[in-house]
Amino acid sequence: MIASKPLIALALLSGANALVAPQQRVLKTVMASTPVEETAEAAAPAPMTTLEAAVLEATGTEPAAVAPAPVAAPPVAPAAPPPAPKGRIAQKRTENWSDLALPFSGRPAILDRALAADSGFDPLSLADSKVQLYVYREAELKHARLAMLAAAGWPLAELWDTGIAKTFGLEPIIEENGGRAVSVLNGGMGKISPVYWASVVLFAGAVEALSEYKKGQAKAADSQWMLTGSYVPGELGFDPLGLYTIFGKSESGKMLMGTAQIKNGRLAMLAITIYALEEAITKNPVVQNSAFLFEPFWKTVENLMMYSPAPYSQ
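Residues numbered from 1 in each chain as written. Predicted model: local features only at pLDDT ≥ 70, side-chain atom pairs only at ≥ 80, totals over all residues. Heavy atoms only, no water.

Asks: How do you make sense of the overall build of the protein when you look at a structure like this?
Replies: Looking only at helices and strands, the protein has ten helices and two strands in total. Beginning at the N terminus, the succession of helices and strands in the protein can be written as α-α-α-β-β-α-α-α-α-α-α-α. Relative to its 314 residues, the protein shows a buried fraction of 20%. Taking as baseline every contact in the protein between residues at least 6 positions apart, the subset at least 24 positions apart corresponds to 43%. Carbon and sulfur atoms make up 68% of the accessible area of the protein, which amounts to about 23,200 Å² in all. (Helix = DSSP H or I, 4+ residues; strand = E, 2+ residues; numbered from the N terminus. Buried < 20%, exposed > 50% of the residue type's maximum accessible area, 1.4 Å probe, protein only. Contact = heavy atoms within 4.5 Å. Areas by Shrake-Rupley, 256 points an atom, 1.4 Å probe, with all protein chains shown as cover.)

Asks: What's the story with the nonpolar core in this structure? I'm lost.
Replies: As a rule of thumb, nonpolar side chains are buried together in soluble globular proteins. By size, the foremost hydrophobic cluster in this structure holds ten residues: Ala-147, Ala-151, Trp-154, Ala-181, Ala-268, Ile-272, Tyr-275, Ala-276, Val-286 and Val-287. Looking at this core, the elements that each hand over two or more residues are α4 (130-167), α8 (251-282) and α9 (286-289). At four residues, α8 tops the list of elements feeding residues into this core. Leaving out residues up to four positions away in the same chain, Ala-276 has contacts with Trp-154 and Leu-185. (Core = buried A, V, L, I, M, F, W, Y, C linked by side-chain atoms within 4.5 Å.)

Asks: Where do I start with the environment of Asp-99 in this structure?
Replies: With respect to the element layout, Asp-99 can be found in the loop between β1 (88-89) and β2 (107-108). When neighbours within four sequence positions are excluded, Asp-99 is seen to be in contact with Arg-107, Asp-118 and Ser-119.

Asks: Quick question: what am I supposed to make of the pattern of salt bridges here?
Replies: Pairs can form between side chains of opposite charge whenever their charged atoms are close. In the structure shown here, the tally under the stated rule is nine salt bridges. Glu-212 is paired through a salt bridge with Lys-142; the nearest N and O atoms lie 3.5 Å apart. Here Glu-212, found in helix α6 (residues 194-221), pairs with Lys-142, found in helix α4; they are 70 residues apart in sequence, far enough to count as distant. Three or more residues are tied together by salt bridges with common partners; here these are Glu-138, Lys-142, Glu-208, Glu-212 and Lys-215. (Salt bridge = Lys/Arg side-chain N within 4 Å of Asp/Glu carboxyl O.)

Asks: Please explain a nonpolar patch on the surface as it appears in this structure.
Replies: On the surface, Val-184, Leu-185, Met-189, Tyr-196, Trp-197, Val-200, Leu-277 and Ile-281 cluster together into a nonpolar patch covering about 800 Å² of accessible area. Counting residues per element, the ones that place at least two in the nonpolar patch are α6 and α8. If one sorts the elements of the nonpolar patch by residue count, α6 sits on top with three residues. Looking at the element boundaries, Leu-185 is found in the loop between α5 (173-176) and α6. (Patch = residues over 30% accessible without salt bridge, like charges linked within 9 Å, V, L, I, M, F, W, Y side chains within 5 Å.)

Asks: Explain the confidence of the model for the protein here, please?
Replies: Should the pLDDT be low somewhere, the predicted coordinates at that spot are not to be read in detail. Mean pLDDT for the protein: 77, with 68% of residues reaching 70 or above. A low-confidence stretch, residues 34-44 stays under pLDDT 50, and its non-local contacts, those more than four residues away or across chains, total three contacts. Low pLDDT (under 50) marks residues 84-93, which in the prediction has 21 contacts with non-local residues, meaning those over four places away or in another chain. (pLDDT = per-residue confidence, 0-100.)

Asks: Is there a simple way to explain the environment of Asp-222 in this structure?
Replies: Relative to the assigned elements, Asp-222 resides in the loop between α6 and α7 (225-228). Once you skip the residues sitting within four places of it in the chain, Asp-222 turns out to touch Thr-228 and Ser-230.

Asks: I'm lost on α8 in this one. Help?
Replies: Spacing of three or four residues puts side chains on the same side of an α-helix, whose turn is 3.6 residues. Taking 1.5 Å per residue, 32 residues should reach 46 Å; α8 reaches 46 Å between its end C-alpha atoms and fits that length. Listing the buried residues of α8 in full gives Gly-253, Gly-258, Thr-259, Ile-262, Gly-265, Ala-268, Ile-272, Tyr-275, Ala-276, Glu-278 and Glu-279. Its buried side turned inward, α8 meets α4 and α9. Of the residues flanking the end of α8, it is Lys-283, one or two places downstream, whose phi is positive at about 65 degrees. (Expected span 1.5 Å × (residues − 1).)

The following block contains the structure:
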């Protein structure tokens, strides 16, 4: 009889749980809708019922409390992908390798071939925006045009300065400077009249002011010129000989002429740099060091025939 008391108590407990469970669910619903103050007052433990006391007396343990249902964690949003790296994009498969200045490297993202002679050359990533790119292009064009004039004027001055100066009764400065053009490295700049220097500065300032005025007008006429292409950097409408449309008036023809201009300008910038270094090192005029470049073709052929060694020695 004593051994059956635990079994009887367990049976009573199971029946009690079946009766109490609906009440507990109702109690949870009421507690959820009760304000915080009322919930705090009702948080005190309820008195033990007669049935629970009988179970405690028979088994020696309190009835197990019903564990609350686990609350699902809120879903975690996926992490945003990292921003695309700024810099170079690999386009070697979409264009010929010969179109890139550095065939082993990718094309900078900002150089989208919208400008003439765009070979994707920006190893230091100096142009980080379209605005900066157009500023550099205008500066490059100005230096290129000036270098083309200098590359032609340097040797011509060494060839013709003495004759022109004697014709007008002036002092042949280049002849007195050892036949070398007057420059910072070669010296002789102090022999030139200050009036000439002042004239050069005034002329250069006038050209720069006029170019800036025309550029401002073109940009003011179309504020979206970067997108529409209505203004091309360096294109100021100065073309007295009509050379800009020599390859045609279409956009492709103008692009060809622009490419020819910038490539010749880049070559001229290298040439004038070599002129200055060559004369500073050798102390001889460039027309003497490379005489075959500044003489008529037939004169070069004559010199080769007269002074070349015999093809056969006896």
